[in-house]
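The lines below spell out each chain.
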Amino acid sequence: MASRYGSKHRRYLRGQILGRIFLFAMSIVFLLPILWMFTTSIKDSSQVMAYPPIWLPRPPKWENYRIAVNAIPFVLYLRNTVTICFFTIIGTLLSSTLVAYSLAKIPWPGRNVLLLLILSTMMLPFPVTMIPLFVTFGRLGWVNTFKPLIVPSFLGNAFYIFLLRQFFMTIPGELSDAARIDGASELGIFRRVILPLSKPVLAVVALFQFLGSWNDFLGPLIYLQSNDKYTLAIGLQMYRTTNYVEWELLMAASTLVVIPILVLFFFAQRTFIEGIAITGIKG
Amino acid sequence: MRKTKQEVRTTLMGLAFASPWLIGFVLFVAYPIVASLYYSFTEFTGLDVTGFVGFGNYVHMISKDELFHKSLYNTLYYLSLAVPLGLVVALVLALLLNLKMREISFYRTCVYIPNIVPAFASSFIWLWMLNPEYGLVNLLLEKIGIWGPGWVSDPRWSKLSIVLMAQWGAGGSAMIFLAALQDVPRSLYEVADLDGASSWTKLRYITLPMISPVILFHVIMALFGAFQVFTPAYIMTSGGPANSTLFYVLYLYRNAFNYGKMGYASAMAWLLFLLALVTTLVVMKTSGRFVYYQGEER
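Residues numbered from 1 in each chain as written. Chains lettered and ligands numbered in written order. Predicted model: local features only at pLDDT ≥ 70, side-chain atom pairs only at ≥ 80, totals over all residues.

**Points about the overall build of chain B**
Going by this rule: Only DSSP runs of H or I with at least four residues qualify as helices, and only runs of E with at least two residues qualify as strands; both kinds are numbered from the N terminus onward. Residue burial is a threshold on neighbouring C-beta atoms within 10 Å of the residue's own C-beta, all placed from the backbone, with 20 or more meaning buried, 12 or fewer meaning exposed, and counts in between meaning partly exposed. Residues are scored as being in contact if the C-beta atoms we place from backbone atoms lie within 7 Å.
Within chain B one finds 13 helices and 2 strands. Overall, the C-alpha framework of chain B stretches about 80 × 75 × 30 Å when taken along its three principal axes. Counting only residues that meet the buried cut, chain B has 41% of its 298 residues in that class. In chain B, the share of contacts with a sequence separation of at least 24, taken over all contacts with a separation of at least 6, comes to 70%.

And the structure:
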């Protein structure tokens, strides 16, 4: 019996050591492109294509960041991107919470059918609605404005509605019943009971929506046509001409795009993890 | 009588709260679906419908348009590699990240971070990583004596490059699998240990069946995403070289926004919709034998 325990323990140790080596190697593989992006961004153009590769240029050419920001209207594109992010977050928080409340807390007969309908729209490929939407927004004169990217968020997003609904379902009904007895209206219960209890999931939705807008490529590509309206996602292509790429500038700009996300991740790690956990429930 | 009045009030209240989505549904889902179906039977420049062609767009697509065939082939090629590979990579990562170690959260962070890098940024990063002459990948391969291929500049490697690059974001799915792994009741493993089950047996007969609903969900979402692969091809290769990365949605996009053939593009969109739907249904139907749902525990 003792020997069996011993061999088991040895196996456990072997697993730990092999696992560690593998995980460590994996971590390097996964981080390497980000490191390579960063070191390229502080290289002189003569070092970018040096052989053997230079890992840490000395002295680092921080100047690249200034050049990169001035080479294209970076600040303007940053402002455009942040504007879109800001309004889509507001829109999603306002609309998706209301719809989720209807699905989770108001016992009306059609709500389960509605939930199914909402979930099924998630299986609709974007190209199917893309063309009529473009045509319609065009007729409204909204093409080349931020409106096609912002306005839909004020009318709810299926994924966030589902996320919020799952969370609202976990809030005990007694709380809203108590408020109802005290004469609170549905809107009052929603605002004073449900929303204050839902701060963690609201943070998850805001975070995901921020990432969604910050990372969106196809939307801005279709709707934003003049180059003073671009977002960072579209603007980054301007570091390329037809046959030449200024890699150190492109990588400096990419670093600037990635940094806010990394900072957000480190500050909001718990929110990310909660988000993943809630998303996981969907399985 | 009072009760019915109450019910009517509740229903109205429910509809009122749901109204943002209901309006959005009509404007941004229902109407566009119908309109796009209509456009798919027409010649449509984006401004005017210049002719009703019946099934003409579909017939042309299937019988004549070689670029369409190419784009469909490219997408199916991508999908049939990226989805299984993505599943295996994410599962292996999740199993490793589920090991009990003091510094495990460090590894989890490292593996997860690339998943939140925007697709457009990672396309640029990998374009540079995979540069045939100066990219880090080929420089490192050379160190171990391998002469790396031209990656995205070589038609034989370009699709594979995008498949491999997609694995960089596997950390997101790995985290979802990890959450599922942590939900598997420990008692099951304890019982198996008493019976002297090997690690492989436990993986095969406990872990995988217990997380199979999450696997199914992942496969469906991955298929859905793979059908619509667009950004890497748009940024890294513009569909080239030799149309080797001209994926379905990229060709659709070009028809709609570069060639002014919005009717044709709408027909392509509808065919994509049907393809995705049929694939999903087939996966759901055939998965019944493999997916295990725990009773009504939750």
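Structure shown, so let's carry the discussion forward.
**Quick look at the overall build of chain A**
Operational definition: Radius of gyration: over C-alpha atoms. The globule rule applied is 2.2 Å multiplied by the number of residues raised to the 0.38 power.
Summing up its helical and strand segments, chain A has 15 helices and 2 strands in all. In terms of overall dimensions, chain A is more spread out than a globule: its C-alpha atoms have a radius of gyration of 25 Å, far above the 19 Å expected for 283 residues. Referenced to the eigenvectors of the C-alpha coordinate spread, the extents of chain A come out at roughly 80 × 75 × 35 Å. Relative to its full complement of 283 residues, chain A shows a buried share of 40%. Put simply, 73% of the contacts in chain A that link residues at least 6 apart link residues at least 24 apart.

**Re the interface of chain B and chain A**
Contact residues are listed per partner, giving 68 residues for chain B and 68 residues for chain A. Broken down by secondary-structure element, the contributors of at least two residues to the side of chain B that touches chain A are α1 (2-39), α4 (104-116), α5 (119-129), α6 (136-143), α8 (171-183), α10 (199-227), α12 (248-258) and α13 (262-287) of chain B. For the side of chain B that touches chain A, the leading source of residues is α1(B), giving 18 residues.

**A closer look at helix α5 (residues 111-121) of chain A**
Residues and elements named next belong to chain A. So the rule is basically this: Taking the helix axis as origin, the arc is that swept by the directions to the C-beta atoms.
Those residues of α5 lying buried are R111, L114, L115 and I118. Looking down the long axis of α5, one finds its buried residues gathered within 105 degrees of arc, a one-sided arrangement. α5 presents N112, V113, L116 and S120 as exposed residues on the side facing more than 90 degrees away from its buried surface.

**Quick notes on the domain arrangement of chain A**
Let me state the cut-off plainly: What counts as a domain boundary in this text is fixed by an automatic or database domain assignment.
Domains assigned within chain A are domain 1 (2-64) and domain 2 (72-241). Once you take the C-alpha centre of each, domain 1 of chain A and domain 2 of chain A turn out to be 37 Å apart.

**A word on the nonpolar core**
Rules: Working definition: the nonpolar core is a set of buried Ala, Val, Leu, Ile, Met, Phe, Trp, Tyr and Cys residues, joined through C-beta atoms within 7 Å.
In terms of nonpolar packing, the biggest core is built from 152 residues, with B:A174 and B:F177 touching the most fellow members. At 12 residues, the largest contribution of residues to this core is made by helix α3 (residues 66-97) of chain B.

**Some words on the confidence of the model for chain A**
To be explicit about the condition: Per-residue confidence from the predictor is reported as pLDDT, a score between 0 and 100.
For chain A, per-residue confidence averages 89 on the pLDDT scale, and 95% of positions sit at 70 or higher. Helix α15 (residues 269-281) of chain A is the least confidently modelled element of chain A, averaging 70 in pLDDT, while helix α7 (residues 147-150) of chain A averages 97, the highest of any element.

**Side note on α13(B)**
In plain terms, the rule: By definition here, a helix of n residues has an expected span of 1.5 Å times n minus one.
In this model, α13(B) (26 residues) spans 37 Å end to end at C-alpha, consistent with the 38 Å of a helix rising 1.5 Å per residue. Buried within α13(B) are the following residues: B:M262, B:G263, B:Y264, B:A265, B:S266, B:A267, B:M268, B:A269, B:W270, B:L272, B:F273 and B:A276.

**Re the environment of A:N64**
Residues and elements named next belong to chain A. With respect to the helices and strands, the residue N64 is situated in helix α3 (residues 63-71). Residues N64 and M251, spaced 187 residues apart in sequence, show a C-alpha to C-alpha distance of 9.4 Å. Among all residues touching N64, those that are not within four sequence positions of it are S41, I42, E248, L249 and A252.

**Details of the pairing of strand β2 (residues 49-52) of chain B**
Residues and elements named next belong to chain B. Stated formally: Between any two strands, at least two bridges found by DSSP are needed for them to pair.
With 3 bridges connecting them, strand β1 (residues 42-44) and β2 associate as antiparallel partners. Looking at β2, one finds that T42 is bridged to F52. Hairpin connection between β1 and β2: a loop of 4 residues separates the two successive antiparallel strands, and G46 in this loop has a positive phi of roughly 110 degrees.

**Section: unusual backbone geometry**
One can expect most non-glycine residues to show negative phi and most peptide bonds to be in trans. Cis rather than trans, the peptide bond between A:R58 and A:P59 has omega equal to -5 degrees. Looking at the secondary structure, you find A:P59 in the loop between α2 (45-48) and α3. Unusually for a residue other than glycine, B:A242 sits at a positive phi of about 55 degrees. Tracing the backbone through its elements, the reader meets B:A242 in the loop between α11 (231-237) and α12. Phi at B:N243 takes a positive value of approximately 60 degrees, unusual for a residue other than glycine. Relative to the helices and strands, B:N243 is located in the loop between α11 and α12. Residue class for B:N243 comes out partly exposed when judged on the 19 C-beta atoms lying within 10 Å of it.

**Here we look at the environment of A:Y101**
Within the fold, A:Y101 resides in helix α4 (residues 74-105). A:Y101 gets classed as buried once you count the C-beta atoms within 10 Å, which come to 27. With near-sequence residues (within four places) excluded, A:Y101 lies in contact with A:I106, A:F168, A:F190, A:I194 and B:F17.

**Things to note about the packing of α5(A) against helix α8 (residues 158-169) of chain A**
Between two packed helices, what matters for the description is the angle formed by their axes and the separation of those axes. All names here are of chain A. Rule in force here: Axis lines are fitted to C-alpha atoms, over the contacting stretch for helices. Their N-to-C directions set the angle, which ranges from 0 to 180 degrees. The labels follow the angle: roughly parallel below 35 degrees, roughly antiparallel above 145, roughly perpendicular from 65 to 115, and oblique for the rest. Take the far helix as your reference; a near helix turned counterclockwise from it by less than a right angle gives a left-handed crossing, and one turned clockwise gives a right-handed crossing. Each residue is assigned to one class: nonpolar for Ala, Val, Leu, Ile, Met, Phe, Trp, Tyr, Cys and Pro, charged for Asp, Glu, Lys and Arg, and polar for all the others, Gly among them.
Close contact between α5 and α8 brings their axes to 8 Å; oriented N to C, the two are set at 135 degrees. By the angle between their directions, the pair α5 and α8 is classed as oblique. Taken as a pair, α5 and α8 cross one another with a handedness that is left-handed. Here I118, L119 and T121 of α5 lie close against α8, whose contacting residues are A158, I161 and F162. For the contact of α5 with α8, the per-class residue count stands at 5 nonpolar, 1 polar and no charged.

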